[in-house]
Amino acid sequence: MNPFAEKKSVKAVEDASLALYPGRATALVGESGSGKTTVARMLARIYDPTTGVIRFRGQEVKYKGARVASSLRAYRRHIQMVFQDPFSSLNPVHNVRYHLSRPLRVHGHARSEKEVTEQVLALLRRVSLSPAEQFIEKFPHQLSGGQRQRVAIARALAARPEVVLADEPVSMLDVSIRLDILNLLTRLKDEEQLAFLFITHDIASARYFAEDTLVMYAGQMVEGGPSDDVIQSPRHPYTQLLLSVAPDPDRVQQVINHGNTSVPTRGEIPSLIKPPSGCRFHPRCPHAMPICSQEKPARTEITPGHWTHCFLYDQPGEKPAKQAKIIDAKSVQRAK
Amino acid sequence: MSTQNKNNLLLDVRNMSVDYYAANGAVHAVRDVNLSLKRGEIVGLAGESGSGKSTLAYAIARLLRPPAAITAGQVLYYPSIQEGERRTAFTAALEQANSKITDPVNSPTQSSGVDILKLTPPQLRAFRWNELSIVFQSAMNALNPVMDIGTQIIDVLRAHQPERSVQSCKERARELLKLVGIAPDRLRSYPHELSGGMRQRVIIAIALALKPELIIMDEPTTALDVVVQREILDLISSLCKETGTALIFITHDLSLLLELVDRVAVMYAGKLVEVADRNNFYAHARHPYSYGLMNSFPTLHGPRRKMVGIAGSPPDLRNIPAGCPFHDRCPMAFEACHQVIPALRTPFADAPEQIAACHLYDPKITRTTQMPGPADLGRGYEIQAERSVAR
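Residues numbered from 1 in each chain as written. Chains lettered and ligands numbered in written order. Predicted model: local features only at pLDDT ≥ 70, side-chain atom pairs only at ≥ 80, totals over all residues. Heavy atoms only, no water.

If you look chain B up in an unreviewed UniProt entry, it shows as Dipeptide/oligopeptide/nickel ABC transporter ATP-binding protein from Dictyobacter vulcani. Quoted straight from UniProt, the Sequence similarities (unreviewed entry) entry for chain B says "Belongs to the ABC transporter superfamily." Comment text from UniProt for chain B, heading Subcellular location (unreviewed entry), reads "Cell membrane". (UniProt positions renumbered as here; feature names shortened; annotations may be inferred.)

In the annotation of an unreviewed UniProt entry, the entry for chain A reads Dipeptide/oligopeptide/nickel ABC transporter ATP-binding protein, and the organism field reads Dictyobacter vulcani. Among the UniProt annotations of chain A, the heading Sequence similarities (unreviewed entry) holds the following wording: "Belongs to the ABC transporter superfamily."

Given below as structure tokens:
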């Protein structure tokens, strides 16, 4: 390592476009290092994109100029995050009441102590932590992982957001608890018409929870569309790879009958400082053609709504009409 | 078949109980567990966090330290006794001890086995790694960051086989790296120069270094990506088949486990609740808890449907409720479950190897000869979910 070397940038996300709709969840699937979290953080405005536009309810989000701070707070009121690790996202020295009262106070939803208590209790009930009166005084170490994640979700809800960005909200939890949390998120999505961005590496839970699925690889989106289309008939070789390696109880029957037939997978996600030319997946792709290392594949619509970036499917198709978007990120990029 | 099985026995855990002594009472982490393992068999140990899976594994390897204490039980180990080339350091250590004192329990005979819990420190040193090695949770961080991986592999070889020459240690280290699919020229690499998956491979190589009879892996793939996880699983599976190593694989992820193992043991609140071979378990998990675990994964195929998990959370192990520990979460619980602790039984005519600790399958308690099937368990969970929503 040369400390005097020229600084190189990591292009963590390149040319990502996605839209979120009220009452719908969009899942973002990919390996670690594929830029999923960076996308969520740009939408939460923890990072600013290097180029590109994010629109919230049709209005462009400002990054520079006058009154950025106040517009930022107004924006964050509507957009909240739930983090992966409920063991580190809650402050161990504060109790549940404190965690939930901060967003209520900061965003001016509760003025008096009485209002705070009432709303905190209501929030705890919304995330099915009952009896709420008992949980309000508890500290994080007195809660199990699933209960902590419920508190973290309640904290996000306290700001009364319209969009929730959930960054692997279940991957740190035990398998038997994951389903409870997913069912809770589904209820919030359906009953309260929240828009969700659901980041996960578990394709099966993406299919269970989200209506739409986007697959990212090395900072680029390679395939997207309705979850069932993407997962039942994956087109991009990377999506096919992800699906073939996902743990799947249904495959056990096949293993029992025919032995282990899964294709060996080789290679790892490339360095994003110097990404491969052309399609970034070509060094690992079993179908790579000469053109794949030379040009970037364009977006190809396979069926209405289901698209992929792959030369295997590079044929012209028709473009369907779109529903009103609550968040619309166009060609955002982020370099670190 | 049965006599052959008996000869193939490698490890027999009998009536194992482990407590953790805490200021506010003893935590009964493992309670009266019986588990046996054949040579070359892969057994999966499944259960929620806090069910005692890791504690059981560490007890087998004698790695528990205070405040944990083994309160009862035996771990019988049956070393392979072959004359000539494979006279291991462990059997040598045992024989050495026997020449001094004649210990009837710890004589290395095929019939009785050696109680690991009674080994003397030198015997234990010879036992570990030669006969049993362990891969820890978040094993990626188990490598020493200031030593290159070659040194770490050779360190193991030198520590456990001091008579081995440096040259042959190096040779073996290269061999091991090749075995786990890493180019041997990476011996001089430091852990930070390797990716997570490669570090995990190195850890597996170190576990295999002395060709142990048994490897314990405690959630070896949890910190890894799905793609890498699949590679590591395939590697583990093929290596165990190749070398005939027995494996205890601990995880909470049943979907992963079922593709790898021969037999599944499910733990709940410190007790084994079901043991079955993989095919029977997959086709028909008998215990309501196992059924609940099997049905907590969203699937990739088939219609999308609403799924119900297991309601509630595991009991406090300081104060375990009377009767079956699962009764307050169980959708099928009836009066007997609140009072009588169910024992592991083999009530299934169609699957003699499958045992479950549940009153539902005990005709003396249910007073019917009819046993509930998977559909009944599924319905039970659905009704329970509806009731909790109504409340």
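A.B. asks: For this particular structure, what's the right way to read the interface of chain A and chain B?
C.D. replies: Much of the literature gives interface size as the accessible area that the parts lose upon coming together. Counting from both sides, the interface comprises 44 residues of chain A and, opposite them, 37 residues of chain B. Taking both sides of the interface into account, the surface hidden between chain A and chain B amounts to around 3,900 Å²; carbon and sulfur atoms contribute 52%. Between chain A and chain B we count zero salt bridges in total. Where the side of chain A that touches chain B is concerned, the elements lending two or more residues are α7 (175-192), α8 (203-209), α9 (227-232), α10 (237-245) and α11 (249-258) of chain A. Broken down by class, the residue content of the side of chain A that touches chain B amounts to 19 nonpolar, 12 polar and 13 charged. (Contact = heavy atoms within 4.5 Å. Buried area = accessible area lost by both parts, 1.4 Å probe. Salt bridge = Lys/Arg side-chain N within 4 Å of Asp/Glu carboxyl O. Helix = DSSP H or I, 4+ residues; strand = E, 2+ residues; numbered from the N terminus. Nonpolar A, V, L, I, M, F, W, Y, C, P; charged D, E, K, R; others polar.)

A.B. asks: I'm lost on the side chain of D148 of chain B in this one. Help?
C.D. replies: All names here are of chain B. Along the polypeptide, D148 turns up in the loop between β6 (132-135) and α5 (149-160). In this structure the side chain of D148 is engaged in a polar contact, spanning 3.2 Å, whose partner is the backbone nitrogen of G150. Among the polar contacts listed, one links the side chain of D148 to the side chain of T151, at a separation of 2.6 Å. Those residues in contact with D148 that sit more than four places away from it in its chain are L187, R188, S189 and Y190. (Polar contact = N/O pair within 3.5 Å; in protein donor to acceptor, adjacent residues only side chain to side chain.)

A.B. asks: It is not clear to me how the packing of helix α6 (residues 145-158) of chain A against α7 of chain A should be interpreted in this structure. Could you clarify?
C.D. replies: A pair of packed helices is characterised by two quantities: the angle between their axes and the separation of those axes. All names here are of chain A. Close contact between α6 and α7 brings their axes to 10 Å; oriented N to C, the two are set at 20°. Judged by the angle between their axes, α6 and α7 are roughly parallel. Judged by the twist between their axes, the crossing of α6 over α7 is right-handed. Taken together, the residues of α7 that come into contact with α6 (itself represented by G146, Q149, R150, I153 and L157) are I177, D180, I181, L184, L185 and L188. Classifying every residue of the contact of α6 with α7 by side-chain character gives seven nonpolar, two polar and two charged. (Axes fitted to C-alpha atoms, helices over the stretch in contact; angles between N-to-C directions. Parallel < 35°, antiparallel > 145°, perpendicular 65-115°, else oblique. Left-handed = near helix turned anticlockwise from the far one by under 90°.)

A.B. asks: What am I meant to see in unusual backbone geometry here?
C.D. replies: Most peptide bonds adopt trans geometry, and most residues besides glycine take a negative phi value. In the segment running from P66 of chain B into P67 of chain B, the intervening peptide bond is cis, with an omega of 10°. With respect to the element layout, P67 of chain B can be found in the loop between α2 (53-60) and β4 (68-77). Unlike most non-glycine residues, R57 of chain A shows phi in positive territory, near 50°. Following the sequence through the fold, R57 of chain A ends up in the loop between β3 (51-56) and β4 (59-60).

A.B. asks: What's the story with the packing of aromatic side chains in this structure? I'm lost.
C.D. replies: For any pair of aromatic rings, the description consists of the separation of the ring centres together with the inter-plane angle of the planes. What the rule picks out here adds up to 12 aromatic pairs over all chains. Ring geometry for Y217 of chain A and F281 of chain A: centres 5.0 Å apart, planes at 85°, overall edge-to-face. Pair noted here: Y217 of chain A is in strand β8 (residues 212-217) and F281 of chain A is in the loop between α11 and β10 (299-303), with a separation of 64 residues, a long-range link. Seen from their ring centres, Y58 of chain B and F136 of chain B are 5.8 Å apart, and the 65° between their planes marks the pair as edge-to-face. Highlighted residues: Y58 of chain B in helix α2 and F136 of chain B in the loop between β6 and α5, separated in sequence by 78 residues. Within the aromatic cluster, the residues linked to one another by ring pairs are F196, F198 and F209 of chain A. (Phe/Tyr/Trp six-rings, centres within 6.5 Å; stacked < 30°, edge-to-face > 60°.)

A.B. asks: Where do I start with the pairing of strand β1 (residues 9-22) of chain B in this structure?
C.D. replies: Looking along a regular strand, one sees the side chains alternate between the two faces of the sheet. Residue and element names in this part refer to chain B. Bridge count for β1 against strand β2 (residues 25-38) is 10 bridges, and the pairing is antiparallel. Its bridge partner lying in β2, L9 is registered against K38. Between β1 and β2, which pair antiparallel in sequence order, lie two residues. Alignment of β1 against β4, held across eight bridges, turns out to be antiparallel. Along β4, the bridge assignment pairs V18 with I70. (Pairing = 2+ DSSP bridges.)

A.B. asks: How should I be thinking about the packing of α10 of chain A against helix α8 (residues 226-243) of chain B in this particular structure?
C.D. replies: Look at α10 of chain A against α8 of chain B: their axes get within 9 Å of each other, and the N-to-C directions meet at 50°. Relative to α8 of chain B, α10 of chain A is oriented oblique. The element α10 of chain A and its partner α8 of chain B pack so that their crossing is left-handed. Here α10 of chain A contributes L241, L242, S244 and V245 of chain A to the contact with α8 of chain B, which in turn contributes V226, V227 and R230 of chain B.

A.B. asks: How do you make sense of the pairing of strand β11 (residues 306-309) of chain A when you look at a structure like this?
C.D. replies: Residues and elements named next belong to chain A. Direction of pairing for strand β9 (residues 220-226) relative to β11: antiparallel, over a ladder of two bridges. Note on β11: the bridge partner recorded for G224 is W307. Here β10 hands over to β11 after two residues, with G305 in that stretch at a positive phi of 95°.

A.B. asks: Is there a simple way to think about helix α6 (residues 166-179) of chain B in this case?
C.D. replies: Since the α-helix advances by 3.6 residues per turn, residues separated by three or four positions end up pointing in the same direction. Residue and element names in this part refer to chain B. Compared with the 20 Å implied by 1.5 Å per residue over 14 residues, the 20 Å span of α6 between its first and last C-alpha is a close match. Looking at the buried side of α6, the elements it contacts are α5 and α7 (196-208). G181 lies just past α6 and shows a positive phi near 80°. (Expected span 1.5 Å × (residues − 1).)

A.B. asks: Can you walk me through the pattern of salt bridges in this structure?
C.D. replies: Oppositely charged side chains can pair when the atoms bearing their charge come close. Residues and elements named next belong to chain A. Scanning the entire structure with this criterion turns up 27 salt bridges over all chains. The salt bridge partner of R126 is E192, with a shortest N-O separation of 2.5 Å. With R126 in helix α4 (residues 113-126) and E192 in helix α7, this residue pair connects regions lying 66 residues apart in the sequence. Taking relative accessible area as the criterion, R126 reaches 27% and is therefore assigned partly exposed. Take E192: its relative accessible area is 31%, and that puts it in the partly exposed class. Each member of the salt-bridge network shares a partner with another, and the members are E14, R280 and K296. (Buried < 20%, exposed > 50% of the residue type's maximum accessible area, 1.4 Å probe, protein only.)

A.B. asks: Honestly, the sheet that holds β6 of chain B in this entry has me stumped. Any pointers?
C.D. replies: Sheet strands pair by backbone hydrogen bonding; their relative direction is either parallel or antiparallel. Residues and elements named next belong to chain B. An order of β6-β7-β8-β3-β9-β10-β11 is seen for the seven strands of this open sheet, with the pairing classed as mixed. Two strands close off the open sheet at either side, each with one partner strand: β6 and β11 (355-356). Pairing of strand β10 (residues 271-277) with β11 involves two bridges; the strand directions are antiparallel. Bridging across to β11, V275 finds its partner in I355. Together, β3 (42-46), β6, β7 (214-218), β8 (246-251) and β9 (263-268) form the strand contacts of α2, whose direction differs from that of β8 by roughly 150°.

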